[in-house]
Every structure is written in structure tokens, then in C-alpha cells.
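# Fold and contact review
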Amino acid sequence: MSAVGIIGAGAWGTALAQMVASDGTPAILWAREAALVEEINGRRTNTTYLPSVTIAKAVRATCDMGDLAGLSTILVVCPAQFMGGVLAGLADAPRDLVLCSKGIEAGTGRLMADVAAAAHPSAQIAVLSGPTFAREVAMGLPTAITLACSGGEEQWQRLSPVIARAAFRPYYSPDVVGAEIGGAVKNVLAIACGVVEGLGLGENARAALIARGYAEMLRFGVARGARAETLSGLCGLGDLILTCASTASRNYSLGKALGQGQSAAQALSGKSSVAEGAHTAPVLADLAHRAGIAMPIVDAVCRLLSGEAPAGAVVSDLLARPLKAELADRSEPGDDTPAHGSFA
Ligand SMILES: NC(=O)C1=CN([C@@H]2O[C@H](COP(=O)(O)OP(=O)(O)OC[C@H]3O[C@@H](n4cnc5c(N)ncnc54)[C@H](O)[C@@H]3O)[C@@H](O)[C@H]2O)C=CC1
Ligand SMILES: O=C(CO)COP(=O)(O)O
């Protein structure tokens, strides 16, 4: 069995290594923290990022990216803002780089596939994204996920056996942009849904936010070339449903703390884990404004994160917006994008 490389030993990288190793395939897990490498190889635990999981023997951790040289497939699982820097440390490009991070690069507005292609133009890019809490995957619970392949069906034929396991089921998509936008936008919307819980606004309000947030995801995604069907699948709506309803989501938990009156700095202080939505929200809002795409929920999350207004005021402003048609947002002030599909 050919070994698979995984870059990033946070919760998701560790869970993916565990998934890869679940049929005995060797998984080489690169971590930036030397102490974590020792812990994984010695005690078979990752108490910082994925506590209470016993890591399979077929997972070998390393601090040396040189150990990934010659591998055909590498999964990249560092936080989105570090993707460019981390990939610069990878000397040899593999045939397939599978991107598992969810976010948009601040400062440049690049999606992860663009970041990775710039770092390793010879690698073929795929995006693995969907409703996948790391702990459940590490426990071997049934999970389905989108595997979007820039190399189309040929890449899918090559990669799907490397990634599929009995309880881990990838579904093919040719739509890399759609898979990326679904994962990046849902993190921001999960913060908004957490705010609803933090403020005690009720289940109706949360359902409304999910549906209207999904309309924002569609508007932005379709304007950027994503297919609406991709966004209605695992990597869009599927992930939105998962992370907009559970404090197991770091983004949802951040939103809940904001709704309860904490500042973003307070809610994030001392945390070793990443809440990607906090980094994606400002760059996403900026991209949307420049393109004339209305994303009022994303804007509201930005105002909250920056401390511009307290949660109660942000929600009042959302509720005070002019009444409008549900099925087409062409009447949105500043939205001159064409309507795509009945919900857009
Ligand atoms: N945890 C989950 O359930 C899932 C996470 N993801 C995505 O996977 C990506 C990684 O998230 P997690 O594994 O959950 O991370 P985590 O929150 O468990 O751990 C933080 C990670 O950031 C790394 N890090 C911190 N500072 C760094 C630096 N300066 N340079 C490079 N790396 C640095 C740490 O080494 C660690 O790997 C994110 O984009 C997240 O959205 C996707 C699906 C599920
Ligand atoms: O992306 C995830 C599950 O699909 C994990 O969500 P959080 O990063 O909000 O914990």
C-alpha cells in the first residue's frame, strides 16, 4: 500500500490520518510542533487538538517535510491563512495535492486552490470538503464528503480509492470552486447561527438564518463560477446544516460567545484551535462588496467581530432591512449580479 502524506496535525489532519490508516495504509502526518510529533509517535495521542482518540499505529508523525518526498498523494490540512507559507516548505510537489482547509486568504482574496497552484504548479489540485466533524471521523462514524477534482474523472478514478474507506464516502465533483466556496462561506454563517443561540433568539431565527445564509452562499458562489448544484450538496448546504446547529463547531461556539456579550478577542483568547470564519468573514465581505454581491449576514458577522456594534444592535439592523422577495435577490441594493436558480 502506498503511503499517504498529511500536512497539519490539528484536529482535522489527525482525523484524516486516522481515516487513511483505518485499513492499514501508512499515513505520514507532518506537524509543526516537535512535542506533538513525540506525543503521537510515543503515546498515540494528540491531546492538544484531538483529545480522547487513540491514534492508529499506521500513522507516523514527523516534523520533517522531507519525509513526504516521493509520495503521490498529500492532503493539506493547515488553517487557510497558513496554506501558502506551509506549502512553500514542501520541496517536492506530489502528483495530487488534496486541499482540506476551509477559508479564503486574507490580503489576497485567493481561494486555497489558487494558493496551492501558485506554490506547486505541477501538482493536480483536488478539494475535499463536507460535513465532517474531526472527532466523528476519527471514531470511524459514517461520513460523506465532496471530492472535487480539477483533473476531472481521471483524477477521481485515481484518488477515490486512496481516500474512500468503509465509513468514509467521497462523492465526485468536477467543481473545485464550488467546493471551496461552500466550505469557506459556511464557517461565517455558522458564527451567525451561534450568535442566535447566544442571544436566545430561538429555533425559528436560526432556521431563517440558515436559509437566508444559504441564499448568500449561492449568490456569491454562482457569481464566482460555482455550480448551484455543488452548493446544494455535501460541501455547501450539508456542511451548513452540520455547523449551524452544534457547539461541536468552533465557529458556532465563537458566535455563541459573541451573542453572550464577549468580544472576539475574549472569545478567541487562549484557544489553540482555529475558527476559520473569523478570518474569512472580512475578506469574503470585501470580495462581495467589490463584486456588488449583497451578503447582509456576512456583513453583520464582520461588524460583530470587529466590535463595531453589539450583537443585539446587529440583529436589530438585520431585522430592519427593507422587505423583499424571497426567491430572487435582484432587488438587493447594490446587487447587480444576475439571478441564478430560484433561491439566488
Ligand atoms: N476540525 C474539523 O472538524 C474540521 C476542520 N476543517 C478545516 O481544517 C483546517 C485545519 O483545522 P483543524 O485541523 O481543525 O485545526 P485545529 O484548530 O485543530 O489546529 C490548529 C492547527 O493550526 C496549526 N497552526 C497554528 N499556527 C500555525 C502556523 N503559524 N503555521 C502553520 N500552522 C499553524 C497547528 O499546528 C494546528 O495544526 C481548517 O481550515 C478547518 O476549517 C475541515 C473539516 C473539519
Ligand atoms: O468544518 C467543520 C465540519 O465540517 C468543522 O467546523 P468548525 O471549524 O466550525 O469546528
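Residues numbered from 1 in each chain as written. Chains lettered and ligands numbered in written order. Predicted model: local features only at pLDDT ≥ 70, side-chain atom pairs only at ≥ 80, totals over all residues.

## Details of the packing of helix 7 (residues 176–199) against helix 11 (residues 250–259)
- At a minimum axis separation of 6 Å, helix 7 and helix 11 run at an interaxial angle of 40°. With respect to their mutual orientation, helix 7 and helix 11 come out oblique. The handedness of the crossing between helix 7 and helix 11 is right-handed. Contacts between helix 7 and helix 11 pair Asn187, Ala190, Ile191, Ala192, Cys193, Gly194, Val195, Val196, Glu197, Gly198 and Leu199 from the former with Asn251, Tyr252, Ser253, Leu254, Gly255, Lys256, Ala257, Leu258 and Gly259 from the latter. (Axes fitted to C-alpha atoms, helices over the stretch in contact; angles between N-to-C directions. Helix = DSSP H or I, 4+ residues; strand = E, 2+ residues; numbered from the N terminus. Parallel < 35°, antiparallel > 145°, perpendicular 65-115°, else oblique. Left-handed = near helix turned anticlockwise from the far one by under 90°. Contact = placed C-beta atoms within 7 Å.)

## A look at unusual backbone geometry
- A positive phi is found at Arg44, a non-glycine position, where the angle reads about 60°.
- Note on placement: Arg44 falls in the loop between helix 2 (34–43) and strand 3 (59–62).
- Even without a glycine there, the phi angle at Ser52 is positive, about 70°.
- Relative to the helices and strands, Ser52 is located in the loop between helix 2 and strand 3.

## Regarding the UniProt feature "binding site: NAD(+)" (unreviewed entry) in the protein
- Under the UniProt annotation, "binding site: NAD(+)" (unreviewed entry) lies at Gly8, Ala9, Gly10, Ala11, Trp12, Gly13, Phe82, Ala134 and Arg250.
- Residue position: Gly10 is located in the loop between strand 1 (4–7) and helix 1 (11–21).
- The topology assignment puts Trp12 in helix 1.
- The residues contacting Trp12, other than those within four sequence positions of it, are Val77, Cys100 and Ala134. (UniProt positions renumbered as here; feature names shortened; annotations may be inferred.)

## So, the sheet that holds strand 1
- Strand order in the open sheet formed by eight strands is 3-2-1-4-5-6-7-8, and the pairing between neighbours is mixed. Of all the strands in the sheet, just strand 3 and strand 8 (168–173) have a single pairing partner and so form its edges. Averaged over all neighbouring strand pairs, the angle between strand axes comes to 25°, with direction disregarded.
- Direction of pairing for strand 6 (residues 124–129) relative to strand 7 (residues 143–149): antiparallel, over a ladder of four bridges. Counted as the bridge partner of Ser129 is Thr146 from strand 7.
- Against the sheet, helix 6 (residues 152–163) touches strand 1, strand 4 (73–76), strand 5 (96–99), strand 6, strand 7 and strand 8, its axis set at about 145° to strand 7.
- Sitting on the sheet, helix 7 is in contact with strand 6, strand 7 and strand 8, with an inclination near 40° to strand 6. (Pairing = 2+ DSSP bridges.)

## What about the UniProt feature "domain: Glycerol-3-phosphate dehydrogenase NAD-dependent N-terminal" (unreviewed entry) in the protein?
- Feature annotation in UniProt places "domain: Glycerol-3-phosphate dehydrogenase NAD-dependent N-terminal" (unreviewed entry) on residues 4–150, given in this structure's numbering.
- Taken as a whole, residues 4–150 contains 27% helix and 22% strand, while its terminal C-alpha atoms sit 19 Å from one another.

## Let's talk about the pairing of strand 1
- Residues of strand 1 alternate between two faces, with Val4 and Ile6 on one and Gly5 and Ile7 on the opposite face, all of them buried.
- Bridging between strand 1 and strand 2 (residues 27–30) involves four bridges; their strand directions are parallel. Bridge pairing in strand 2 links Ile7 to Trp30.
- Once the chain exits strand 1 it traverses helix 1 before rejoining the sheet at strand 2, and the crossover so formed is right-handed. (Buried ≥ 20, exposed ≤ 12 C-beta atoms within 10 Å, placed from the backbone. Right-handed = clockwise from strand over helix to strand, strands pointing away.)

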